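Close look at the chain arrangement
Now for the letters of each chain:
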Amino acid sequence: MKPKNRKMPKTGRGGQGQTIPKAIGLGTALSLLITLVLIVLETVFLDKQVITAEQTKTASIVVWLVATTAGGYLGAKLAGQQTLPVSLGIGGCYALVLMLITGLLYGAKFDGVLRGCIWIIAAAAGAGVLASKPGSARGRKHRFR
């Protein structure tokens, strides 16, 4: 007797378990790539004296915000559901990588890193809200009689 080919029923989230880690990884990678490009652009502007040395601190914060928002938005859109936790995960990973780079380059002098992490997490939360579908709040399909 031949064994019957039976298809296994889909259980759980239907393969969504791999989508969220991939979205977090891709969003973090995009954030780091945007950071690299914008920091190189900032360095060119500083070399050509378009911006002053005092303006680099503000420019760096803007780079963090742009990179986090873009990476968080892309990752949340790739995940489909749970946009806010995915974008917050991307922001946390991005902040962790920046802290590791700061520790390696500056000998563990973390002056002002907490403020930068708060900005990054806030930008990631904003990206998660922007990526969410309108009307996706729970309870919208329930009617009171």
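Now for a description of the structure that goes with this document. (Residues numbered from 1 in each chain as written. Predicted model: local features only at pLDDT ≥ 70, side-chain atom pairs only at ≥ 80, totals over all residues. Heavy atoms only, no water.)

A short note on the overall build of the protein
Scanning the protein from N- to C-terminus turns up 4 helices and 0 strands. Taken from the N to the C terminus, the helices and strands of the protein come in the order α-α-α-α. A burial count over the protein gives 26% of its 145 residues as buried. Residue pairs at least 24 apart in sequence account for 73% of intrachain contacts in the protein once pairs closer than 6 positions are excluded. (Helix = DSSP H or I, 4+ residues; strand = E, 2+ residues; numbered from the N terminus. Buried < 20%, exposed > 50% of the residue type's maximum accessible area, 1.4 Å probe, protein only. Contact = heavy atoms within 4.5 Å.)

So, the side chain of T68
Take T68: it is sitting in helix α2 (residues 56–79). Residue class for T68 comes out buried when judged on its relative accessible area of 1%. Leaving out residues up to four positions away in the same chain, T68 has contacts with S31, G91, Y94, I120, A123 and A124.

Some points on helix α1 (residues 19–47)
The end-to-end C-alpha distance of α1, which contains 29 residues, comes to 42 Å, matching closely the 42 Å that a straight helix rising 1.5 Å per residue would cover. All buried positions along α1 are accounted for by I20, A23, G27, T28, S31, I34, T35 and E42. Buried residues along α1 sit against α2 and α3 (83–106). The first or second residue beyond α1 is Q49, which carries a positive phi of 60°. (Expected span 1.5 Å × (residues − 1).)

Points about a nonpolar patch on the surface
A surface patch of nonpolar side chains, amounting to about 710 Å² of accessible area, comprises L33, L36, V37, V40, L41, V44, F45 and V50. Along the chain, the position of V50 falls in the loop between α1 and α2. Residue classification places V50 among the exposed positions, given a relative accessible area of 57%. (Patch = residues over 30% accessible without salt bridge, like charges linked within 9 Å, V, L, I, M, F, W, Y side chains within 5 Å. Areas by Shrake-Rupley, 256 points an atom, 1.4 Å probe, with all protein chains shown as cover. Salt bridge = Lys/Arg side-chain N within 4 Å of Asp/Glu carboxyl O.)

Observations regarding the side chain of T28
With respect to the secondary-structure elements, T28 resides in helix α1. Setting aside chain neighbours within four positions, we find T28 in contact with I90, C93 and Y94.

Quick word on the nonpolar core
Core analysis: the largest hydrophobic core is formed by 8 residues, namely I34, A67, Y94, A95, L98, V113, C117 and I120. Those residues in contact with L98, other than ones at most four positions away along the chain, are W64 and I120. Grouped together as the second largest cluster of nonpolar side chains are 5 residues, A23, A79, V86 and I90 included. (Core = buried A, V, L, I, M, F, W, Y, C linked by side-chain atoms within 4.5 Å.)

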